[in-house]
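As a plain string of letters, each chain reads:
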Amino acid sequence: HPEKSITIHDGIDLNRFAHAKKSNNLRKEFNLTDDTLIIANVAALAPHKDYFTFLNTVKALQGKLKAKFFIIGEGELRLQIEKKIEELGLANEVIMTGFRKDLIDIFPEIDILLFTSETEGFGSTILDAFACSVPVVATEAGGIREIVQHKINGLLAPVKDANALAKNVLELVSDKILRETLTA
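Residues numbered from 1 in each chain as written. Predicted model: local features only at pLDDT ≥ 70, side-chain atom pairs only at ≥ 80, totals over all residues. Heavy atoms only, no water.

**Quick look at the pairing of strand E3 (residues 94–98)**
So, step 1. Burial within E3 is extensive, with five of its five residues counted as buried.
So, step 2. Burial of the side chains of E3 extends over both faces: Val94, Met96 and Gly98 are buried on one face and Ile95 and Thr97 on the other.
So, step 3. Pairing of strand E2 (residues 67–72) with E3 involves four bridges; the strand directions are parallel. Across the sheet, the residue bridging to Phe69 is Val94, located in E3. (Buried < 20%, exposed > 50% of the residue type's maximum accessible area, 1.4 Å probe, protein only. Helix = DSSP H or I, 4+ residues; strand = E, 2+ residues; numbered from the N terminus. Pairing = 2+ DSSP bridges.)

If you want it as structure tokens, here you go:
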């Protein structure tokens, strides 16, 4: 009965990020040079966030750009993710920070949000990235398609397609005008 249904839109409080500015907390804490890209996912370490596709994307990008890949979050899959990092030989590329309370300071420092969910009700992390002018590469999972429009405000790839995600990351890295257009 569509006549009995209403849509309740979700969102974030943009005032949280009103004074957000690049703090360089991650660069200082993890000894990164200014020319090292920070590509991150900020999400619980839960099955539906599909960090295994995130890691497969990192593997596809290995040696193609100067970057560190951050997993910012905590959860039940931590040990399995750590094991996969070792299996793929990504220990030098991937940094797991665990849960952070300084996300408002960290977001402006991220060069690309790489959001690889397999299923997603909404993906409010993407809105946090938008609020901080961070370009987004994401999967087409669930509600993500409602907030990310391919080549309008982010880049989308099919769910579990690490090669397409890697291609999108490389396109963003090499095309400054595209990055500026997406974040505008």
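**Topic: the side chain of Ser117**
So, step 1. Looking at the element boundaries, Ser117 is found in the loop between strand E4 (112–115) and helix H5 (124–131).
So, step 2. A relative accessible area of 1% places Ser117 in the buried class.
So, step 3. A polar side-chain atom of Ser117 sits 2.6 Å from a polar atom in the side chain of Glu120.
So, step 4. Residues within four places of Ser117 in sequence aside, it is in contact with His48, Lys49, Asp50, Thr139, Ala141, Ile144 and Val159. (Polar contact = N/O pair within 3.5 Å; in protein donor to acceptor, adjacent residues only side chain to side chain. Contact = heavy atoms within 4.5 Å.)

**A closer look at the packing of aromatic side chains**
So, step 1. Taken as a whole, this structure holds two aromatic pairs when the rule is applied.
So, step 2. Considering the side-chain rings of Phe30 and Phe70, the 5.4 Å spacing of their centres and the 70° angle between planes classify their relative orientation as edge-to-face. Of the two residues, Phe30 is situated in the loop between helix H1 (25–29) and strand E1 (37–42) and Phe70 in strand E2; the sequence distance between them amounts to 40 residues.
So, step 3. Exposure remark for Phe70: the relative accessible area of 0% places this residue in the buried category.
So, step 4. Summarising the aromatic geometry, the rings of Tyr51 and Phe54 are spaced 5.8 Å apart at their centres and angled 70° between planes, so their arrangement reads as edge-to-face. Highlighted residues: Tyr51 and Phe54, both in helix H2 (residues 51–61), separated by three residues, approximately one helical turn.
So, step 5. Tyr51 sits in the buried class, given a relative accessible area of 2%. (Phe/Tyr/Trp six-rings, centres within 6.5 Å; stacked < 30°, edge-to-face > 60°.)

**Some remarks on the side chain of Asn153**
So, step 1. Relative to the assigned elements, Asn153 resides in the loop between helix H6 (144–147) and strand E6 (155–157).
So, step 2. Here Asn153 falls in the buried class, since its relative accessible area comes to 19%.
So, step 3. Among the polar contacts listed, one links the side chain of Asn153 to the backbone oxygen of Ile147, at a separation of 2.8 Å.
So, step 4. With residues up to four places along the chain from it excluded, the contact list for Asn153 reads Phe130, Ile147, Val148 and Leu182.

Shape is all these values report; function is a separate question.
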